[in-house]
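# Reading the structure
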Amino acid sequence: MAAPPLQPVPPPAAVNGDGFRLGFIGAGNLAESIARGVAASGVLPASAIRTAPHRRPERGTAFASIGACLLDTNAQVVDGSDVIVISVKPQIVKQVLLELKPLLSDEKLLVSIAAGIKMKDLQDWSGQRRIIRVMPNTPSAVGQAASVMCLGEMATQKDENRVRSLFSAIGKVWTAEEKYFDAVTGLSGSGPAYVFLAIEAMADGGVAAGLPRDLALGLASQTVLGAATMVSETGKHPGQLKDQVTSPAGTTIAGVQELEKGAFRGTLISAVVAAAKRCRELS
């Protein structure tokens, strides 16, 4: 089997003339991030987005603030949408899909962003074969998501283009086989937490070295952002970029030496593997 692409596939040419309607079953924070990105980017007008009331009234208010349509029931969302995003918590996906099953048809594209729910289960519970599974991550809230998608057996090229356009509105998108999804969860799904810990620790180090807390945190977060942007935009291997800033007998190599003593790289590798293993256990 071919390995997943090394770079995200660029979004297709603008599809805002496509005219499809987008429905969300579940109006949580991630669904809102997608809806906001889609509306702000012009992929779809806000009026083409719809959802139903949430148990927390403020979630409906958040969607209304975008300009999305608030319908009375999930059944109405399904009926009025061409692409239906299942954005409820993983533990209730089965219940929701079984309830919606009589309303679904071959004309509807089902998109699941529920972590850990396999394509086979989505197909069995919904009775659908036209499905795309997507794994985004929490930086979707600031338009910097890393999303990976895989296509069900009946998903078309047009379906793929539509979904790519939606998730390109909140970050970058890769396509991979479903067998990689546990590892994707361990890396990009759980990875923001590892980076948050690193930023916190770097800021603590700055404080320990004498910096004010707010300055240390600002420098740490901007340094991580800048380093990540360099990797993404230059195309250079991170090891090469590390070597460029590591002068002989300088300050950086002294810091790197301490990281190596603490098995920094090995610990991060183990964290990704452990999270991927846990994902397999839960799914």
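Since we're looking at a predicted model, the values are computed, not measured. (Residues numbered from 1 in each chain as written. Predicted model: local features only at pLDDT ≥ 70, side-chain atom pairs only at ≥ 80, totals over all residues. Heavy atoms only, no water.)

### Describing unusual backbone geometry
Short version of the rule: The helix count covers DSSP runs of H or I at least four residues long, the strand count covers runs of E at least two residues long, and both are numbered beginning at the N terminus. Buried means the residue's accessible area, taken with a 1.4 Å probe over protein chains only, is under 20% of the maximum for its type, while exposed means over 50%, and partly exposed covers the values in between.
We note that Ala249 has phi near 55°; this positive angle belongs to a residue other than glycine. Position of Ala249 among the secondary structure elements: in the loop between α10 (238-245) and α11 (251-261). A relative accessible area of 82% means that Ala249 is categorised as exposed. Of note in the backbone geometry, Ala263 takes a positive phi value of approximately 55° without being a glycine.

### Observations regarding the pattern of salt bridges
To be explicit about the condition: One side-chain nitrogen of Lys or Arg within 4 Å of one carboxyl oxygen of Asp or Glu is enough to make a salt bridge.
One pass over the structure, following the stated rule, counts 17 salt bridges. Taken together, the shared-partner salt bridges connect Glu32, Arg36 and Arg59 into one network.

### Section: the packing of helix α4 (residues 93-100) against helix α5 (residues 119-126)
Basically, it comes down to this: Interaxial angle, 0 to 180 degrees, is taken between N-to-C directions of lines fitted to C-alpha atoms, where a helix line uses only the stretch in contact. By the convention used here, residues are in contact when the closest approach between their heavy atoms is within 4.5 Å. Three residue categories are used. Nonpolar comprises Ala, Val, Leu, Ile, Met, Phe, Trp, Tyr, Cys and Pro, charged comprises Asp, Glu, Lys and Arg, and polar comprises the others, including Gly.
It is the contact of α4 with α5, at a shortest axis distance of 8 Å, that shows an interaxial angle of 35°. In contact with Val93, Lys94, Leu97 and Leu98 of α4, α5 contributes Leu122, Trp125 and Ser126. For the contact of α4 with α5, a count of residues per class yields five nonpolar, one polar and one charged.

### With respect to the environment of Glu281
For clarity, the threshold we go by: Here a polar contact means two N or O atoms within 3.5 Å. Within protein one must be a hydrogen donor candidate and the other an acceptor candidate, and residues neighboring in sequence count only if both atoms are side-chain atoms.
Here Glu281 is to be found in helix α12 (residues 264-282). Expressed as a C-alpha distance, the spacing of Glu281 and Asp182, which sit 99 residues apart in the sequence, is 9.7 Å. Separated by 2.7 Å, the side chains of Glu281 and Lys277 make a polar contact.

### Comments concerning the side chain of Thr185
Along the chain, Thr185 turns up in helix α7 (residues 181-189). Residues contacting Thr185, with those up to four places away along its chain left out, are Met135, Ser190 and Cys279.

### Here's the deal with the UniProt feature "domain: Pyrroline-5-carboxylate reductase catalytic N-terminal" (unreviewed entry) in the protein
Operational definition: UniProt positions are given in the numbering used here, feature names are shortened, and annotations may be inferred rather than shown by experiment.
Following the UniProt record, the feature "domain: Pyrroline-5-carboxylate reductase catalytic N-terminal" (unreviewed entry) maps to residues 21-116 here. What you have in residues 21-116 is 39% helix and 18% strand, and the ends, taken at the C-alpha atoms, are 26 Å apart.

### So, the pairing of strand β7 (residues 145-151)
Definition in use: The criterion for strand pairing is that DSSP finds at least two bridges linking the strands in question. Convention used here: a crossover is right-handed provided that the path from the first strand, over the helix, to the second strand proceeds clockwise when the strands point away from the viewer.
The buried count for β7 comes to six of seven residues, which makes it a mostly enclosed element. Two strands pair when backbone bridges link them, and strand β6 (residues 131-135) and β7 are joined in this way by four bridges, in the antiparallel orientation. Looking across to β7, one finds that Arg133 is bridged to Cys150. Across five bridges, β7 lies against strand β8 (residues 171-175) in parallel orientation. Bridging from a neighbouring strand, Ser147 pairs with Val173 of β8. Between β7 and its parallel partner β8, the chain crosses via helix α6 (residues 157-168), and the hand of that crossover is right-handed.

### Digging into helix α8 (residues 191-208)
Here is the rule: Every helix has an expected span of 1.5 Å times one less than the residues it contains.
Between its first and last C-alpha, α8 extends 26 Å over 18 residues, near the 26 Å set by a 1.5 Å rise per residue. Of the surrounding secondary structure, the elements contacted by the buried residues of α8 are α7, α9 (213-234) and α12. Just past α8, the residue Gly210 takes up positive phi, approximately 115°.

### As for the packing of aromatic side chains
The geometry of two aromatic rings is summed up by the distance between their centres and the angle between their planes. The condition that has to hold: Only Phe, Tyr and Trp rings are paired, with Trp represented by its six-membered ring, and only when their centres lie within 6.5 Å; those with planes under 30 degrees apart are stacked, over 60 edge-to-face, the remainder tilted.
Taken as a whole and assessed by the stated rule, the structure comprises one aromatic pair. Between Phe24 and Phe63, the aromatic rings sit 5.7 Å apart at their centres with planes inclined by 65°, giving edge-to-face as the arrangement. In this pair, Phe24 is assigned in strand β1 (residues 22-25) and Phe63 in helix α2 (residues 57-66), connecting sequence segments 39 residues apart. The burial state of Phe24 is the same as that of Phe63; both residues are buried.

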